[in-house]
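Chain by chain, the residues:
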Amino acid sequence: MEKTLAIIKPDAIKKKLAGKIIDRIYDKNFNIAGLKMLHIQENQAKEFYKVHAERPFFNDLVKYMTSGPVIVAVLEKENAIKDWRNLMGATNPAEATEGTIRKDFGENIEANAVHGSDSPETASIEVPFFFPD
Ligand code: CMP
């Protein structure tokens, strides 16, 4: 069983899409091993996204991720990392495949509804970042 970190981002929470997104997660046979709502603090957002620190969109990304509550969850299944990324769709909702979460619910490349770990190495950092136990 592989684990990955999912975040339902502030834009999706504001639009009350959390239930629909969680339904899609269950429909694809993920187990939800942990789930909580929280408001990410600025220092946490900077740490979480530190690989993007030099990117031009970094400050906006931190502002956006701290603009309202998020739901963080640990998703579990075989191939969880790849399967969750397939279910999310491309980073830019305009380029995402039909039927993916970002295509259906994302607003733009920043407010793109959900996050998922991009590799086993990233997941092994991101899961304990929000679920240290
Ligand atoms: P995520 O998968 O959480 O990883 C980095 C985030 O940065 C991305 O989703 C978007 O929310 C945000 N972002 C904003 N602008 C860009 C961009 N030009 N390219 C990639 N990610 C961006």
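Just so it is clear, the structure is predicted and the values come from calculations on it, not from any experiment.

Asker: Sorry if this is basic, but what is going on with the nonpolar core here?
Answerer: Nonpolar side chains tend toward joint burial in soluble globular proteins. With 22 residues, the main nonpolar core has Ile8, Ile21, Leu75, Trp84 and Ile101 as its most contacted residues. Elements with a minimum of two residues in this core: strand S1 (2-8), helix H1 (10-14), helix H2 (18-27), strand S3 (70-77), helix H5 (80-88) and helix H6 (101-105). Every residue in contact with Ile101, bar those within four places of it in the chain, is listed here: Ile21, Arg24, Trp84, Leu87, Met88, Gly106, Ala113 and Val114. Listed in part, the 19 residues of the second largest apolar core include Leu38, Tyr49, Phe58 and Val62.

Asker: Got a minute to help me understand the sheet that holds S3 in this structure?
Answerer: What links the strands of a sheet is backbone hydrogen bonding, and the strands pair in either a parallel or an antiparallel sense. Across the sheet, which stays open at both edges, the 4 strands sit in the order S2-S3-S1-S4 with antiparallel pairing between neighbours. Each edge of the sheet is formed by a strand with only one pairing partner; in this case those strands are strand S2 (31-38) and strand S4 (114-116). Shown here is a sheet whose adjacent strand axes are inclined to one another by a mean of 20°, direction ignored. Of the strands in this sheet, S1, S3 and S4 are in contact with H5, which crosses S1 at around 30°. Each of S1, S2, S3 and S4 touches helix H7 (residues 120-130); the most contacted strand, S1, lies at about 60° to it.

Asker: Teacher, can you tell me more about the pattern of salt bridges here?
Answerer: For side chains of opposite charge, pairing can occur when their charged atoms come near one another. Tallied over the entire structure, the rule returns 7 salt bridges. One salt bridge in this structure joins Lys103 and Glu98, with 4.0 Å as the shortest N-O distance. For Lys103, a relative accessible area of 29% corresponds to the partly exposed category. Looking at Glu98, the relative accessible area reads 64%, which means it is exposed.

Asker: Sorry if this is basic, but what is going on with the site of the ligand here?
Answerer: Taken together, Lys9, Tyr49, His52, Phe57, Leu61, Thr91, Arg102, Ile109, Glu110, Asn112 and His115 make up all the residues around the ligand. Taking His115, its side chain carries an N or O atom lying 2.8 Å from an oxygen atom of the ligand. Surface burial for the ligand is 81%, taken as the share of its 450 Å² of free accessible area covered by protein chains. Grouping the amino acids of the shell around the ligand by side-chain chemistry returns 4 nonpolar, 4 polar and 3 charged.

Asker: I'm lost on the side chain of Glu126 in this one. Help?
Answerer: You can see Glu126 is positioned in helix H7. Put simply, Glu126 is tucked away with no salt bridge, and the nearest opposite charge, on Arg85, sits 7.4 Å away. Polar contacts involving the side chain of Glu126 include one to the side chain of Ser117, which spans 2.8 Å. If we skip the residues at most four places from it in the chain, Glu126 touches Leu5, Phe48, His115, Gly116 and Ser117.

Reading guide: rules and limits
Residues numbered from 1 in each chain as written. Predicted model: local features only at pLDDT ≥ 70, side-chain atom pairs only at ≥ 80, totals over all residues. Heavy atoms only, no water. Core = buried A, V, L, I, M, F, W, Y, C linked by side-chain atoms within 4.5 Å. Buried < 20%, exposed > 50% of the residue type's maximum accessible area, 1.4 Å probe, protein only. Helix = DSSP H or I, 4+ residues; strand = E, 2+ residues; numbered from the N terminus. Contact = heavy atoms within 4.5 Å. Pairing = 2+ DSSP bridges. Axes fitted to C-alpha atoms, helices over the stretch in contact; angles between N-to-C directions. Salt bridge = Lys/Arg side-chain N within 4 Å of Asp/Glu carboxyl O. Near = heavy atom within 4 Å. Polar contact = N/O pair within 3.5 Å; in protein donor to acceptor, adjacent residues only side chain to side chain. Areas by Shrake-Rupley, 256 points an atom, 1.4 Å probe, with all protein chains shown as cover. Nonpolar A, V, L, I, M, F, W, Y, C, P; charged D, E, K, R; others polar. Lys, Arg positive; Asp, Glu negative; His and termini not counted.

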